[in-house]
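# Understanding the architecture of this molecule
Residue-level listing of the chains:
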Amino acid sequence: MAKRREELQRDVWAGWLFLVWITCCSAAPISNQSQSLQSLRTTSTAALRTRAVEGQKILSRAKRGWVWNQMFVLEEFTGPDPILVGRLHTDLSVSDRNLRYELSGEGAGTIFVINENTGDIHAMKRLDREEKAEYTLTARVINKDTNQSLESPSQFIIKVQDINDNPPQFIGGPFRGSVPEMSPVGTSVMRVTATDADDPGYGNSAKLVYSILEGQPYFSIDQYDAIIKVALAGMDREMREEYLVVIQARDMGGHMGGMSGTTTVTVTLTDINDNPPKFTKGLYEFTIPEDLGIGKPGGKVKANDRDTGENAKSTYRIIGGDERDIFEIVTDTQTQEGVLTLKKALDFESKKYYNLTVVATNVQSSTTGSTFMDQATIKIIVEDADEPPVFSKSTYVFDVHENAPVNTIIGTVMARDQDASRSLVRYSIDRHTDLERQFNIHVDDGRITLAKPLDREADTWHNITVTATEIRNHSQISRAIVAVRVLDINDNAPEFPVNEELFLCENGKPGQVIETISAVDRDNPAQGHTFHYRLDTPTNPNFTIKNNLDNSISILTKHDYFRRQKQEMYFLPIIVTDDGDPPLSSTNTLTIRVCGCSKDGTVQSCNVEAFVLPIGLSMGALIAILACIILLLVIVVLFVTLRRHKNEPLIIKDDEDVRENIIRYDDEGGGEEDTEAFDIATLQNPDGINGFLPRKDIKPDLQFMPRQGHHSGPNGVDVDEFINVRLHEADNDPTAPPYDSIQIYGYEGRGSIAGSLSSLETASSDSDQNYDYLRDWGPHFRRLGELYSVGESDKET
């Protein structure tokens, strides 16, 4: 308690001393500034003195200078009156009443104001050093009477003195840091620093001291370097992973009256491999059916690890109990489980139980360098399953000679049921592999026999699939491949590969080799082929053969008087025999054509007609040329014929055609004498018909000569006669269509005593027309004359 009381008294005295120091600092500059101005001031006067020396006027000037020291003002001053910063004064030999002080520069007139008579400078506003630390101003002394500067302008600086008005700040917080778990005491975590806007070069306003407000006793901090360190040993991530630490920074060196700022730091313990894997159980039991497929999973085990990431990864392996190498355990990288799979098939009848020893090992080594692992036992119970029959072999190979008789036994396959029930099996052939049904199999004993004779030259190998099915359970089926190889016998005679045509030059010499040829045999004897050749007629007068002792022969000529005019083609029969058992032979006829050759023996022409073609063209080429000429002639003839029999157009575009010249109008018309609307001269004047009138309904297919029309007498013809003539022409017209057509004639005849009723050609108007003549036309027109007369009388009234 006594010690605590002494500390309290010391803190109280320190606080009072700090207040006294602040008061002195704020008042001292004002007096010091005034004194410094008086002590550092250097006055200067410039006087012009005039004196006469031997009738001459001599001018002289004395130089004086002044130097302004710095002035200081306390920031954040909030007094009722403007604060006096300093005073300007000059010792010129001029009355103070005639002097005027002026101030210019940064803040002159707004922040700093000078008394022009006394030179006192006052700060009119509260200043903040963090905004601007100093101001540069210019002072001038002016004579009021002359308004002239008495001294050269001089610059001076007003500095703003700092006070502790800004707290420390942590920029970028809150912060996160990490440190490995189980780190020793003093291990550095991270460094967290604060900034203070106050002047670090003046007093202790920016001197910071750091401390921890929250996070003890786990972490500590260096009070000057701000480095966070581990303060407690043995911190385990598996127990607690994150810690919240509150850091405080105080200025004034941590003394009373200072300002402070805080921030939070989240410290995370990172994992190290300090925990071994641990199986959830010491004994695992799995029941696996014996028909489980290879590679299929049979069970899963897992060893948990309290670590995370790479430190928690483990691998599994079998270290005991798998003498037959049947099982395999692999690691699932996603779930970190050990998956038990089969490498070989299980057999319930041979072994029913397995006891496996499995270990889980960490991938990463521990911090001590050792490897963490754990061990467990897996008991496997093999479950019996109904399995399909098993063939004694997976593939059978049998041999059979070609052309062997039907029902020849090729071989036997055998399959057994491995289950305890020992079910009987039945055999069959998969007919998809024996589409031609060349083989049969006995359903009970598996004997395979021939259903058809085989030909080695057609197929050397036959692959079929044989199935074995349990009688008790037809779903249990197994399959085996049976390969049947067909053995060769001598059943094919040798022969020439193709019925080749040979060429012989007319200018050849006796003994000339025409061709070298060899026979082929479809059989394939083990000792190889040996062929024997001979001519069908040994005394052939034209050709002979030579054995080349390599199963080939050469065809040679016996004379040199082969001529195409005499004989163009020769046939040479040759008998070829093999040495098989029994030997087989065949007769092959070679065709030899006589051809014309060049001096170097190149064949040029092999046809007799080449002799009759002086230009060297073959008969085929000549026929092709003649065919082209005939085709061109036929085309020309057809073109000319079509031009001569060119038909006239279907519709004759004639301006005088009555049927094509129809005009619609509302006038009633002027009768037969009105010819202005359309031309009916053809029908009105049968006397002028001289020639034929073509039909307009169809396009004639054949041209015909014009027929002479019937001329009318001097007094004309009757309408009835006119129409009969036209009807006769239509009946006898060879170009008329085989159907009825309508022909309209507008001819009314001649000799009518009545004139035209049309008024189109009258030049008089209705008012000048006299209709009295209608009365004289007879009783039929009397009524019409009365009507028109009444109309005229109405107009007059």
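For the structure, check the block above.
Here's a quick rundown of the structure.

Rules used throughout
- Residues numbered from 1 in each chain as written.
- Predicted model: local features only at pLDDT ≥ 70, side-chain atom pairs only at ≥ 80, totals over all residues.
- Heavy atoms only, no water.
- Helix = DSSP H or I, 4+ residues; strand = E, 2+ residues; numbered from the N terminus.
- Buried < 20%, exposed > 50% of the residue type's maximum accessible area, 1.4 Å probe, protein only.
- Contact = heavy atoms within 4.5 Å.
- Polar contact = N/O pair within 3.5 Å; in protein donor to acceptor, adjacent residues only side chain to side chain.
- Pairing = 2+ DSSP bridges.
- Axes fitted to C-alpha atoms, helices over the stretch in contact; angles between N-to-C directions.
- Salt bridge = Lys/Arg side-chain N within 4 Å of Asp/Glu carboxyl O.
- Disulfide = S-S within 2.5 Å.

Mapped onto the fold, asparagine 547 is located in strand β37 (residues 543–547). Accessibility expressed as a relative area gives 42% for asparagine 547, which makes it partly exposed. With 16 residues separating them along the chain, asparagine 547 and phenylalanine 531 place their C-alpha atoms 9.9 Å apart. In contact with asparagine 547, not counting residues within four places along its chain, are Ser552 and Ile553. Engagement of the side chain of asparagine 547 in a polar contact is seen with the backbone nitrogen of leucine 549, the distance being 2.9 Å.

Read across the sheet, three strands follow the order β27-β31-β30 without closing on themselves; strand pairing throughout is antiparallel. Only two strands of the sheet have a single partner each, and these edge strands are β27 (409–412) and β30 (439–441). Direction aside, the axes of adjacent strands within the sheet are offset by 25 degrees on average. Strand direction decides the pairing type here: β27 and strand β31 (residues 447–450), joined by three bridges, are antiparallel. Paired with threonine 412 across the strands is arginine 447, a residue of β31.

On to the pattern of salt bridges, then. Evaluated as defined, the whole model comprises 19 salt bridges. Across the pair glutamate 242 and arginine 176 runs a salt bridge whose closest N-O atoms are separated by 3.1 Å. One end of the pair, glutamate 242, is in strand β15 (residues 242–250); the other, arginine 176, is in strand β10 (residues 175–180), and 66 residues separate them in sequence. Members of the salt-bridge network, linked through shared partners, are Arg100, Glu102 and Arg140.

Considering all chains together, one arrives at one disulfide under this definition. A disulfide bridge connects cysteine 505 with cysteine 597, and the sulfur atoms are separated by 2.0 Å. Its S-S torsion of about -85 degrees marks the bond between cysteine 505 and cysteine 597 as left-handed, since a negative value means left-handed. Here the residue cysteine 505 occupies a position in strand β34 (residues 501–505), and cysteine 597 occupies one in strand β40 (residues 585–597), the gap between them amounting to 92 residues. Just as cysteine 505 is buried, cysteine 597 falls in that class too.

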